[in-house]
Amino acid sequence: MKYLVLGSVNIDLTFRVDHIVNAGETLASESVSRNAGGKGANQAAALGKAGLEAYYGGKLGEDGEWILSKLRSFGVDTSLSVISSDCHTGQAIIQIDKSGQNCIVLDAGGNKMIDDDEIDSILSHFSAGDVIIMQNEVNSIATMMEKAHEKGMRICFNPSPFEDYLMTLPLSYVDTFFVNEIEGRTMAGWDKVPSSDEEFRELASDLLSIFPSAKFVLTAGKKGAYCVSAKDGIAYAPIVDYPVVDTTGAGDTFCGFFLAATERGMSNQEALEKASIASGIAVSRLGAMESMPFGKEVFGV
């Protein structure tokens, strides 16, 4: 089975700081680094590192070709990517404070310039039963969903960053949603912030009631993670508590390793546990793609 990530790629400029800068404040950084990023590329890296047959398709400028080389080193096929001289690669300015929390400013670049012909060309290499993973950092998501659905592909969607227009997309085509607690409660129309296990289970159930044919993977920060589907009910796994160095890419790691675990035939419960291990390892290391474990570290083989 092939796994295609049709999503964003960014050049991440990361500043290590004492605290997230305030309005009007000038703050000296402790260090600065340039890394590969973007939710799409990160999820592709996680899939590749986890041992799946992973493909990355996206649009970037010539300034980002080094990122494709990095993805290939993680086992990702990047031959379907569109490299254009008419755009630059997406950019991200990231601050990471001493507690490991981050804030990010994005410039889309080529991520928002994918056209229908390029989508058709990428999808022509896939067929019914293959999996496509998308996020909200590229344009033409509705078109991607429509075309992937027509081919009989299984659709996974991470609606991040969340925007209201996402609810107008053909979300009934989505097989698996990956959401954090903010995205989840926004989709469910919740005003209250869930804090207890009971409330997170209620939120998961409410999401399923809106999209009853889908599976929801709901991450709840330090509260753990939940998975709910009509077929299998609700599963839960606590976090695996590692020292936090950098949370960048933790959710992308979780997504990739959850899919890898289910590909190995594991139950939703086991997949949550393995994904929690993988994301725990990732936050204990600096970087996004670089911090992600390889499959052997999580699955043992």
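Bear in mind the structure is a predicted one, so any value in this text is a computation, not a measurement.

Attention now goes to the nonpolar core. The biggest cluster of nonpolar side chains holds 45 residues, and the ones touching the most others in it are I133 and L272. For this core, the element with the most residues is helix α7 (residues 250-263), which contributes seven residues. Apart from residues no more than four positions distant in its own chain, I133 is found in contact with Y3, L4, V5, L6, Q43, L47, C156, C255 and L259. With 40 residues, the next largest nonpolar core counts L4, L80, V138 and L207 among its residues.

Let us look at a nonpolar patch on the surface. There is a patch of nonpolar side chains on the surface, built from L13, V32, I93 and V105 and spanning about 340 Å² of accessible area. Tracing the backbone shows I93 in strand β8 (residues 90-96). Relative accessible area serves as the criterion here: at 46%, I93 is assigned to the partly exposed category.

Throughout the structure, instances matching the rule amount to nine aromatic pairs. When the centroid spacing of 5.8 Å and the interplanar angle of 20° are considered together, the rings of F200 and Y226 count as stacked. Remark: Y226 occurs in strand β14 (residues 225-229) and F200 occurs in helix α6 (residues 197-210); sequence separation between them is 26 residues. F200 sits in the buried class, given a relative accessible area of 1%. Assessed through its relative accessible area of 1%, Y226 is described here as buried. Plain terms: the ring middles of Y226 and Y236 are 4.8 Å apart, the flat faces sit at 45° to each other, and that makes the pair tilted. Within this pair, whereas Y226 is found in strand β14, its partner Y236 is found in strand β15 (residues 233-237), the two being separated by ten residues in sequence. Taking relative accessible area as the criterion, Y236 reaches 24% and is therefore assigned partly exposed. Feature note: the residues F177, F211 and F216 constitute an aromatic cluster, connected by ring pairs.

The rules we used
Positions within a chain are numbered from 1, following the residues in the order the chain's sequence is written. Since the coordinates come from a predicted model, pLDDT governs what is reported: local features require at least 70, and pairs of side-chain atoms require 80 or more to be given and counted, while whole-chain, interface and lining totals use all residues. The side-chain numbers reported here are obtained from all heavy atoms of the structure, hydrogens and water having been left aside. What is meant by a nonpolar core is a set of buried Ala, Val, Leu, Ile, Met, Phe, Trp, Tyr and Cys residues, joined one to another through side-chain atoms within 4.5 Å. Any residue under 20% of the maximum accessible area for its type is buried, any over 50% is exposed, and the rest in between are partly exposed; the area is computed with a 1.4 Å probe on protein chains only. A helix here means a DSSP run of H or I that spans at least four residues, while a strand means a run of E at least two residues long, and both kinds are numbered starting from the N terminus. By definition, residues are in contact when any of their heavy atoms lie within 4.5 Å. Patches were defined on residues exceeding 30% relative accessible area and lacking a salt bridge, with like-charge contacts within 9 Å and nonpolar side-chain contacts (Val, Leu, Ile, Met, Phe, Trp, Tyr) within 5 Å. Residue-level accessible areas treat just the shown protein chains as cover; the underlying method is Shrake-Rupley with a 1.4 Å probe. When a carboxyl oxygen of Asp or Glu lies within 4 Å of a side-chain nitrogen of Lys or Arg, that pair is called a salt bridge. Each Phe, Tyr or Trp ring, with Trp reduced to its six-membered ring, pairs with another whose centre is within 6.5 Å; inter-plane angles below 30 degrees give stacked pairs, above 60 give edge-to-face pairs, and intermediate values give tilted ones.

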